[in-house]
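A structural walkthrough
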Amino acid sequence: GHPVGRRGLRRVALGAAAVLVGGAVPAMAQATLVDPFATVSGRGASGIALDSAGNTYVANFQTGDISKVTPAGAASTFATGVGDVTFLVTDAAGNVYSTDYNGNRVLKTTALGVTSVLANTGAGTLPYGLVLDAAGNLYVSNDGTHDVTKITAAGATSLIATPGVGPSGMAIDPSGNVFAANTPSGTVTKITPAGPASTLGTAGTQPGAVVTDWAGN
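Residues numbered from 1 in each chain as written. Predicted model: local features only at pLDDT ≥ 70, side-chain atom pairs only at ≥ 80, totals over all residues. Heavy atoms only, no water.

In terms of burial, strand β13 (residues 138–142) is a largely internal element, five of the five residues being buried. Here β13 shows a buried face lined by L138, V140 and N142 and a second buried face lined by Y139 and S141. One ladder, built from four bridges, connects strand β12 (residues 127–132) with β13; its direction is antiparallel. Residue pairing for β13: P127 is matched across the bridge by N142. Counted along the chain from β12 to the antiparallel partner β13, the turn is five residues long, and its residue G136 has a positive phi close to 90°. Where β13 hands over to strand β14 (residues 147–151), the hairpin turn is made up of four residues, of which H146 adopts a positive phi near 60°. (Buried < 20%, exposed > 50% of the residue type's maximum accessible area, 1.4 Å probe, protein only. Helix = DSSP H or I, 4+ residues; strand = E, 2+ residues; numbered from the N terminus. Pairing = 2+ DSSP bridges.)

Below, the structure written as structure tokens:
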């Protein structure tokens, strides 16, 4: 299911670092609530992304909109009518890309807040997570069809891999390898730039997200 309910961003301390959390604070070891960072008008925070200027964007699944929060904590509605928005990613130009889960499409919202359909992923695909590579290509995990779609900057789509059952959160490393957390099957899949997919490891019970570091872990 999708996260619903809370409307805020909270700043959570993990050791010496501070991270932003949408919705409820996760029950992670040694996590300390620092402060409520911002309150947004949308409902059902399901994903967050940051741009190069330090602005935070929040996907509000219930209300079908995207909130923008400045580094000072000022919140505003950035885009509306984006459907059942789940995940977000930004590019260097300030564009925000979002997945519309039940609308089976990927949207692009410019830095000025103008939204258009970048690509349709196909009936029943249920696009969920997405990542952006250095060349401007998007990779989208399709929860409904258990595969990954590549979308070029021009909006051309192609199927690149079938990673596992119910791929959700995604990540990409500096070499262009894409990783997908397969929630129902409890695995993480690695997809190379050439397309072959392999199971990287078993991640426990229902992994929903994955992240990489600069060392390739």
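Applying the stated rule across the entire model yields three aromatic pairs. With a centroid separation of 5.2 Å and an interplanar angle of 55°, the aromatic rings of F87 and Y128 are classed as tilted. Taken together, the residues F87 in strand β8 (residues 85–90) and Y128 in strand β12 connect sequence positions 41 residues apart. Among the residues examined, F87 registers a relative accessible area of 18% and is labelled buried. A relative accessible area of 13% means that Y128 is categorised as buried. Arranged with centres 5.9 Å apart and planes meeting at 80°, the rings of Y101 and Y128 form a pair that is edge-to-face. Of this pair, Y101 sits in the loop between β9 (96–100) and β10 (105–109) while Y128 sits in strand β12, and the two are 27 residues apart along the sequence. (Phe/Tyr/Trp six-rings, centres within 6.5 Å; stacked < 30°, edge-to-face > 60°.)

Next up on the list: the sheet that holds β9. Strand order in the open sheet made by the four strands is β8-β9-β10-β11, with antiparallel pairing throughout. On the outer flanks of this sheet lie β8 and β11 (115–120), each paired with one strand and no other. Across the sheet, the mean angle separating the axes of adjacent strands is 25° when strand polarity is ignored. Pairing between β10 and β11: five bridges, direction antiparallel. Within the sheet, the bridge partner assigned to R105 lies in β11 and is N120. (Axes fitted to C-alpha atoms, helices over the stretch in contact; angles between N-to-C directions.)

Backbone geometry at N104 places phi at a positive 55°, although glycine is not the residue there. Along the chain, N104 falls in the loop between β9 and β10. Using a relative accessible area of 13% as the deciding quantity, one classes N104 as buried. For L126, which is not glycine, the phi dihedral falls at a positive 55°. Here L126 shows up in the loop between β11 and β12.

Below, the discussion takes up the pattern of salt bridges. Counted according to the given criterion, the structure contains one salt bridge. Notably, a salt bridge pairs R105 with D100, separated by 2.7 Å at the nearest N-O pair. Residue D100 is classed as buried on the basis of its relative accessible area of 4%. (Salt bridge = Lys/Arg side-chain N within 4 Å of Asp/Glu carboxyl O.)

On to the pairing of β9. For β9, the tally of buried residues reaches five of five residues, placing the bulk of the element in the interior. Neither face of β9 is exposed, since V96, S98 and D100 on one face and Y97 and T99 on the opposite face are all buried. Hairpin connection from β8 to β9: five residues lie between these consecutive antiparallel strands, with G94 at a positive phi of about 90°. In the sheet, β9 pairs with β10 via five bridges, with the strands oriented antiparallel. In the strand pairing of β10, Y97 is matched with K108. The hairpin formed by β9 and β10 contains four residues between the paired strands, and N104 there has a positive phi angle of roughly 55°.

Such coordinate-based values are descriptive only and should not be taken to indicate function.
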